[in-house]
Amino acid sequence: MSWALDKVILSPDSALLFRREELPRWGTLFVEIGFGNGDFLLNLASARRDALCVGIEVSLTSLLKATRKVLRGGIDNVKLLNGDGSFLLREFFLPETVDGVFVNFPCPWPKKRHAKRRLINSLFADNLAGALKIGGFFELASDEKWFVDEARGCLLENGALNVGEIQYHQGGLIGTKYEQKWISLGKSIYRLRVTKVSFYRTTSIVDWEEVALDINKEMPKGWRMGKLGFMTNKAGGDDRFKWAFKDAFFGDDGTGLLQVITADDGFQQKFYVRVIPRENSVLIKLDDASTVYRTPAVKGSFKALAEEIEKL
């Protein structure tokens, strides 16, 4: 079954095809952020065969489990994405194409020091407003009222969104594992529904048209591959777009491999850059086993590596 995973999981490399050709096939587009075991998403897809249902999840374990359920069930209107929900709402979907977004029982990160990890903030509200069609909706369900109160305050900051009042004790039309658990324990369920009422523009930071990140630099006199080790733990960037080099590896074929971690508005990517010596130059390219969204931090890491090699 593993050979069929790419039929369900959408990678950065498949984004252009999805953005240009996949959407017109479906009349409706729903997105669930943090789909967990996938039950809500798959039940939604089964109930709405006219809709394309896209799930976003940071957990690779959840991603693979849900993918296997989709393949076993022969469900053809589900696609899955791995990554940050707020970032992917803005970058993966064309503006004003999403009919509905669901977030069911997200981790509230209750401790103050973890507040920045909470999904719903001002940036999320803006990205949501950009992705939704006018008349499109957002639904949030949680067993933590303070979390829903805080989320409502963030969403109210965007004038393109009409934010309803918090509803109590209402079971969803399509239930979830956590909803059933909390109800069985006598906990209250809090729901919030938001509707997009006016146009709102967001600005993408991903370079969708660029095919390659390759940089070919003239090899400095005395340069040798072992010097790549000096890049380990080097970091750079600014408040929004950051990069850091971690481990360096060297192959028997004379090439070097650097592990890179980038963050763009908090969205993290981990990948490898391969450094290949040529007769009078060195080629810096994305390793064949890595796929990335071509963000400012990713491009900045390539530029920084090229500049450091030039200094040697």
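Scroll up to find the structure.
Residues numbered from 1 in each chain as written. Predicted model: local features only at pLDDT ≥ 70, side-chain atom pairs only at ≥ 80, totals over all residues. Heavy atoms only, no water.

Right, let's get into the overall build of the protein chain. Helices and strands together make up the secondary structure of the protein chain, namely eight helices and 14 strands. Here the protein chain holds 312 residues, and 48% of them are scored as buried. Long-range contacts, defined here as pairs at least 24 residues apart, represent 70% of the contacts in the protein chain between residues at least 6 apart. Split by element, the accessible area of the protein chain, about 15,500 Å² in all, is 50% carbon and sulfur. (Helix = DSSP H or I, 4+ residues; strand = E, 2+ residues; numbered from the N terminus. Buried < 20%, exposed > 50% of the residue type's maximum accessible area, 1.4 Å probe, protein only. Contact = heavy atoms within 4.5 Å. Areas by Shrake-Rupley, 256 points an atom, 1.4 Å probe, with all protein chains shown as cover.)

Looking now at the pattern of salt bridges. A pair can form between side chains of opposite charge whenever their charged atoms are brought close. All chains considered together, the criterion is met by 15 salt bridges. The salt bridge partner of D207 is K299, with a shortest N-O separation of 3.5 Å. Taken together, the residues D207 in the loop between strand 8 (190-196) and strand 9 (215-218) and K299 in helix 8 (residues 296-311) connect sequence positions 92 residues apart. By relative accessible area, D207 is classed as partly exposed at 24%. Two residues, D288 and K285, come together in a salt bridge whose shortest N-O distance is 3.6 Å. Under the relative-accessibility criterion, D288 is labelled exposed at 70%. (Salt bridge = Lys/Arg side-chain N within 4 Å of Asp/Glu carboxyl O.)

As for its placement among the helices and strands, S301 is situated in helix 8. A residue is classified by how much of its surface remains accessible, and S301, at 1% relative accessible area, is buried. In this structure, S301 is in contact with W243, F245, V260, T262 and F271, ignoring residues within four places of it in sequence.

Quick look at the nonpolar core now. By size, the foremost hydrophobic cluster in this structure holds 47 residues, and its most contacted members are F93, F138 and L155. Once residues lying within four places of it in the same chain are set aside, the contact partners of L155 are I120, F124, A125, L128, F138, L161, V163, L192 and V194. One finds L258, V260, V298 and L305 within the second-largest nonpolar core, a separate group that totals 21 residues. (Core = buried A, V, L, I, M, F, W, Y, C linked by side-chain atoms within 4.5 Å.)

Right, let's get into helix 6 (residues 145-156). Between its first and last C-alpha atoms helix 6 spans 16 Å; for 12 residues at 1.5 Å apiece the expected length is 16 Å, and the two agree. Against the buried residues of helix 6 lie helix 5 (122-131), strand 5 (132-142), strand 6 (161-163) and strand 8. (Expected span 1.5 Å × (residues − 1).)

What the rule picks out here adds up to 16 aromatic pairs. Pairing W208 with Y293 gives two aromatic rings, centres 6.0 Å apart and planes at 85°, and the pair type is edge-to-face. Taken together, the residues span a long stretch of sequence, with W208 in the loop between strand 8 and strand 9 and Y293 in the loop between strand 14 (281-286) and helix 8 at a distance of 85 residues. Look at Y293 and you get buried, because its relative accessible area is 4%. Among the aromatic residues, those joined into a cluster by ring pairs are F87, F92, F93, W208, F267 and Y293. Seen from the ring of W109, R117 lies directly overhead, with NZ or CZ sitting 4.8 Å from the centre. (Phe/Tyr/Trp six-rings, centres within 6.5 Å; stacked < 30°, edge-to-face > 60°. Lys NZ or Arg CZ within 6 Å of the ring centre and 35° of its normal.)

It is worth spelling out the pairing of strand 14 at this point. Most of strand 14 sits out of view: five of its six residues are buried. In terms of strand pairing, strand 9 meets strand 14 through four bridges, oriented antiparallel. What sits directly across from I215, in strand 14, is I284. (Pairing = 2+ DSSP bridges.)

Locating E32 in the fold gives a position in strand 1 (residues 28-33). E32 gets classed as buried once you look at its relative accessible area, which sits at 2%. Spatially, the C-alpha atom of E32 lies 8.7 Å from that of E57, the residues being 25 residues apart in sequence. Only 3.1 Å separates the side chain of E32 from the side chain of N104, close enough to count as a polar contact. (Polar contact = N/O pair within 3.5 Å; in protein donor to acceptor, adjacent residues only side chain to side chain.)

So, on to a positive patch on the surface. Residues K111, R113, K116, R117 and K242 make up a contiguous surface patch of positive charge. The residue R117 is located in the loop between strand 4 (98-104) and helix 5 in this model. Exposure remark for R117: the relative accessible area of 47% places this residue in the partly exposed category. (Patch = residues over 30% accessible without salt bridge, like charges linked within 9 Å, V, L, I, M, F, W, Y side chains within 5 Å. Lys, Arg positive; Asp, Glu negative; His and termini not counted. Charge placed at Lys NZ, Arg CZ, Asp CG, Glu CD.)

The next thing to look at is the sheet that holds strand 10 (residues 235-237). Strands belonging to one sheet form pairs held by backbone hydrogen bonds; the direction of such a pair is parallel or antiparallel. Pairing in this open sheet of six strands is antiparallel, and the strands run 9-14-13-12-11-10 from one edge to the other. Of all the strands in the sheet, the pair left with one neighbour each is strand 9 and strand 10. On average, each strand axis in the sheet is tilted by 25° relative to the strand beside it, whichever way the strands run. Sheet analysis places strand 13 (residues 267-277) next to strand 14, joined by five bridges and oriented antiparallel. If you follow R274 over to strand 14, its bridge partner there is K285. Running over the sheet, helix 8 touches strand 9, strand 11 (241-250), strand 12 (256-264), strand 13 and strand 14 and is turned about 55° from strand 11. (Axes fitted to C-alpha atoms, helices over the stretch in contact; angles between N-to-C directions.)

Right, let's get into unusual backbone geometry. With a phi close to 45°, W109 is a non-glycine residue in the positive phi region. If you trace the backbone, W109 turns up in the loop between strand 4 and helix 5. The class for W109 is partly exposed, based on a relative accessible area of 27%.

So, to be careful, I would describe these as geometric facts and stop short of saying anything about function.
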